[in-house]
Protein chains: 2
Amino acid sequence: MAEAAVLAEVWRGPFMESVHTGHAVICDGSGQIVAAWGDPDAVVLPRSSSKMIQALPLVTSGAADAHGLTSEHLALACASHQGAPMHVERVNRWLRDLGLDDNALRCGPQVSRDTALKLDMIRAGESPCRVHNNCSGKHAGFLTLAQHLGAGSDYIDPDHPVQMACKDVFETATNEETPGFGIDGCSAPNFATTMHGMARAMGWFATAGQRSDGLSRAATRLTEAMYTHPELVAGEGRACTRLMRASKEPVALKTGAEGYFVAILPERGLGIAVKAADGATRAAECAIAALLVRLEVFEAAHPEVAAFLSPTIHNWDGLATGQIMPARGLLV
Amino acid sequence: MAEAAVLAEVWRGPFMESVHTGHAVICDGSGQIVAAWGDPDAVVLPRSSSKMIQALPLVTSGAADAHGLTSEHLALACASHQGAPMHVERVNRWLRDLGLDDNALRCGPQVSRDTALKLDMIRAGESPCRVHNNCSGKHAGFLTLAQHLGAGSDYIDPDHPVQMACKDVFETATNEETPGFGIDGCSAPNFATTMHGMARAMGWFATAGQRSDGLSRAATRLTEAMYTHPELVAGEGRACTRLMRASKEPVALKTGAEGYFVAILPERGLGIAVKAADGATRAAECAIAALLVRLEVFEAAHPEVAAFLSPTIHNWDGLATGQIMPARGLLV
C-alpha cells in the first residue's frame, strides 16, 4: 500500500507547525485514474460525500416524481446543511407533505450551526430537533423512498429496502463490491470503498449526461440540483456553498466527516475524491481547492477560493498568526 | 529526519477511518532519551505545553512572593483554563490585587468553554472578556512580573523584559538555543524547540526536587501547584484535570494547541513530550494516556483514563459508532 502523501501544511510564523497527509484521486468517466496522490487503493468510508449516491434510488424509483420533488428537495437530499432557517423550514415542509413530522426522522438531534438561529434557540430555551441535523434532508429523502416502496419506518436498518437500494447503486457507481459499512453520524449505514472507487463514482456522475439510462439521468439531475442550489447543500459561510459559487464552471462539491471531500466536474467529465488521513476538515478543504485550481476550474486569487486554499489563521485577538498552504504537488 | 510514527487509530465499525501520526519522547533528568517514537529532532512550537516554563521567571524574580501569590495563582499561571467561574473569579481578583482590570490583559477575548457560563452569558447578552481567555492566568503572571520589574505594559512584545526572561529560561530548561518563535493564540511569543528539547525540559522539571538552585526550586513549586490544583490547570471535563486526578501518583500534565501534550513525572524523574503531527487534540490525549499506562502511572482500566486512551465515539443519536485506539507500540 502506498503511503499517504502530504496534502496541506499549517504554518505559524517561520515554523511548519502541523502537516496533513492523505489520499487524492482524479478519475475520468471510464474509471481511469488521471492523477493520484497517496494510495488509490486505501479503503475509506466516504461519509457525507456519498450523499448524492444515496439519493439515486429516490429518483430512479420514481419516488421523487410521484411526490413532486423539486431540484430544491434533491439538493437537500444531497446536503450536509447547517440547520439554518432556509434548510429547516424546507425539510419541515417536506415532512408535512409526507404526512410526517420530526419524530419520523431517525437521525439524532443536532444543534443548528447557523449562529443566529443557534443563539435564538438558546435564548428561547429551545432544544435542537432532528430536523436541525445536517443530514435531515437525506433522511427526508429516505422517508420519501420508504413511503413510495410501502416499506417500514425503520429506514436506517441495513436490511431495509431503502438501504439495500443505496448499497446497490453505491456498488454500481463505484464499480466495486463494498467491503461493508460503518454507522454514520446520522445513524444510517455508510458504505466503504477505495479512494479509486469513490473517484470513479464521481467521474461516473460527471459523465452521466453523456448516457441515457435511468440511473445516469438520475445522477445528472442530482448533480444539477447541487450546483443550482449551493446554499441548500451546505449554507452561508461553508466550504461547499462558497466554493461552488466561486467556481468558473458548474461543479458539484460535497464534504464528508473525517476529512473527506468530493467534486463532480461535468464539463471536464472528471471526478475527484480526497481524504485527509487524519480526518481534518481544514486539510480536505485545502486539498480540494488546490486540485480545482490545478484543473483551472478555480482561480487561486478568487477571495472565496483563497479562503480555503490558503487561509490565514487568526488568534483570539484577531492577529494573523499563521497560514494553511496546500502541498505544492497538488497545484502543479 | 525520521518519519512520524503512528500514535492513534480512529475506527468506525470494521474500518480504520482515520489515523494520526506524530512524535513522542520520554527523557530522564540528564536529558537522555529513554524512549522515542517518530522524530526526536522535529522542531515544534509547544504552544500552551510550555506554560510552566513561561511561569518560571514569575517565581525566580521574586515577583510571586512579593505579591503573595499562592499555589492557586501559580497553577493558573500554568493553565489553559476553560473560563469557568472558578477561573474567571480568581484571575479577576488577581488583576484587582495588581490594581488592574480586564483591559490590562493583552490576550484577546474568548468565549468561555464552561457550558453553563457560556449559555448564561448568551442569554444575558454579555460579550466574552479577555479574562475568559484560556491563557488569562498566564497573562496575569506576565503582568505581575512586569510590575515587579517596573517594566512597561506591552508585556507580549518579544523585546519586553518579561518575554526576554521567558526566552532565557526556555533555553535553559530545553538546553537548546531556540530557533525562534511564533505568535500564540493569546498573542504572546511561543518559542520553538525540538521534541527532544521539550522532553528534556520536562525531565528537568521532574528532577528539580533533587537540585537546590533557585530555578529548580521554582520548577518544583510550579509542578506541585499544577498537580495540587488540577481543576485550575484546565477545568471540569477536560483532559489535564481528569487525567491528573486519575493518576496513581503525582504528575503534572499540560496540553497545548495543535496536538501538543507534556507530562512531568517527579516520582520517576521522567518527562514526556507528545506532538500529533496533524495537530489533533484527540490523538495527543490518546498518546499521552497510552505512554502513562506504559509507565504504569495510569491504570488502563480506570474509567477516566479509558475516556482518553480508548474513547468510544458516539453519534448525534448517542449510538456508539466507533472508537479511538492508541498505537500498540506506545503501550508496550
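Residues numbered from 1 in each chain as written. Chains lettered and ligands numbered in written order. Predicted model: local features only at pLDDT ≥ 70, side-chain atom pairs only at ≥ 80, totals over all residues. Heavy atoms only, no water.

- The name given to chain A in an unreviewed UniProt entry is Asparaginase, with Marivita hallyeonensis as the source organism.

## Things to note about the pairing of strand S1 (residues 5-12) of chain A
Each regular strand shows side chains that alternate between the opposite faces of the sheet.
All names here are of chain A.
(1) Moving on: Relative to strand S2 (residues 15-28), S1 is paired through seven bridges, and the arrangement is antiparallel. In the strand pairing of S2, Ala 5 is matched with Gly 22.
(2) Moving on: Of the pairings in the sheet, the one linking S1 to strand S12 (residues 320-326) comprises five bridges and is antiparallel in character. Of the residues in S12, the one forming a bridge with Glu 9 is Met 325. (Pairing = 2+ DSSP bridges. Helix = DSSP H or I, 4+ residues; strand = E, 2+ residues; numbered from the N terminus.)

## Digging into the interface of chain B and chain A
(1) Moving on: Counting from both sides, the interface comprises 41 residues of chain B and, opposite them, 41 residues of chain A.
(2) Moving on: Contact between chain B and chain A buries roughly 3300 Å² in total, counting both sides, with carbon and sulfur atoms accounting for 54%.
(3) Moving on: For chain B, the biggest contributors to the area lost against chain A are Phe 15, Glu 17 and Trp 316 of chain B; these three give 22% of the whole.
(4) Moving on: Across the contact surface, chain B and chain A share four salt bridges.
(5) Moving on: One salt bridge in this structure joins Arg 282 of chain A and Glu 258 of chain B, with 2.8 Å as the shortest N-O distance.
(6) Moving on: For the pair chain B and chain A, the interface holds 26 residue pairs in polar contact (both at pLDDT 80 or more).
(7) Moving on: Every element with two or more residues in the side of chain B that touches chain A is listed here: strand S1 (5-12), strand S2 (15-28), helix H6 (115-123) and strand S5 (181-183) of chain B.
(8) Moving on: Tallied by class, the residues present in the side of chain B that touches chain A amount to 17 nonpolar, 13 polar and 11 charged. (Contact = heavy atoms within 4.5 Å. Buried area = accessible area lost by both parts, 1.4 Å probe. Salt bridge = Lys/Arg side-chain N within 4 Å of Asp/Glu carboxyl O. Polar contact = N/O pair within 3.5 Å; in protein donor to acceptor, adjacent residues only side chain to side chain. Nonpolar A, V, L, I, M, F, W, Y, C, P; charged D, E, K, R; others polar.)

## Some details on the side chain of Lys 138 of chain A
Residues and elements named next belong to chain A.
(1) Moving on: Position of Lys 138 among the secondary structure elements: in helix H7 (residues 136-149).
(2) Moving on: Although Lys 138 is buried, it makes no salt bridge; Asp 184 carries the closest opposite charge, 4.2 Å away.
(3) Moving on: With residues near it in sequence (within four places) discarded, Lys 138 still touches Lys 51, Gln 54, Leu 76, Ala 77, Asp 184, Cys 186 and Ala 188. (Buried < 20%, exposed > 50% of the residue type's maximum accessible area, 1.4 Å probe, protein only. Lys, Arg positive; Asp, Glu negative; His and termini not counted.)

## Section: the side chain of Ser 48 of chain B
All names here are of chain B.
(1) Moving on: With respect to the helices, strands and loops of the structure, Ser 48 is situated in the loop between strand S4 (43-44) and helix H1 (51-54).
(2) Moving on: Looking at Ser 48, its side chain comes within polar contact range of the side chain of Lys 51, at 3.2 Å.
(3) Moving on: In this structure, Ser 48 is in contact with Ser 80, Asn 134, Cys 135, Asp 184, Lys 254, Thr 255, Gly 256 and Ala 257, ignoring residues within four places of it in sequence.

## Points about helix H12 (residues 239-246) of chain B
Residue and element names in this part refer to chain B.
(1) Moving on: With six of eight residues buried, H12 is to be regarded as a mostly interior element.
(2) Moving on: Every buried residue of H12 is accounted for by Ala 239, Cys 240, Thr 241, Leu 243, Met 244 and Ala 246.
(3) Moving on: Residues of H12 that are buried in the fold lie against helix H10 (214-228), helix H11 (230-233), strand S8 (252-256), strand S9 (260-265), helix H13 (281-294) and helix H14 (303-309).

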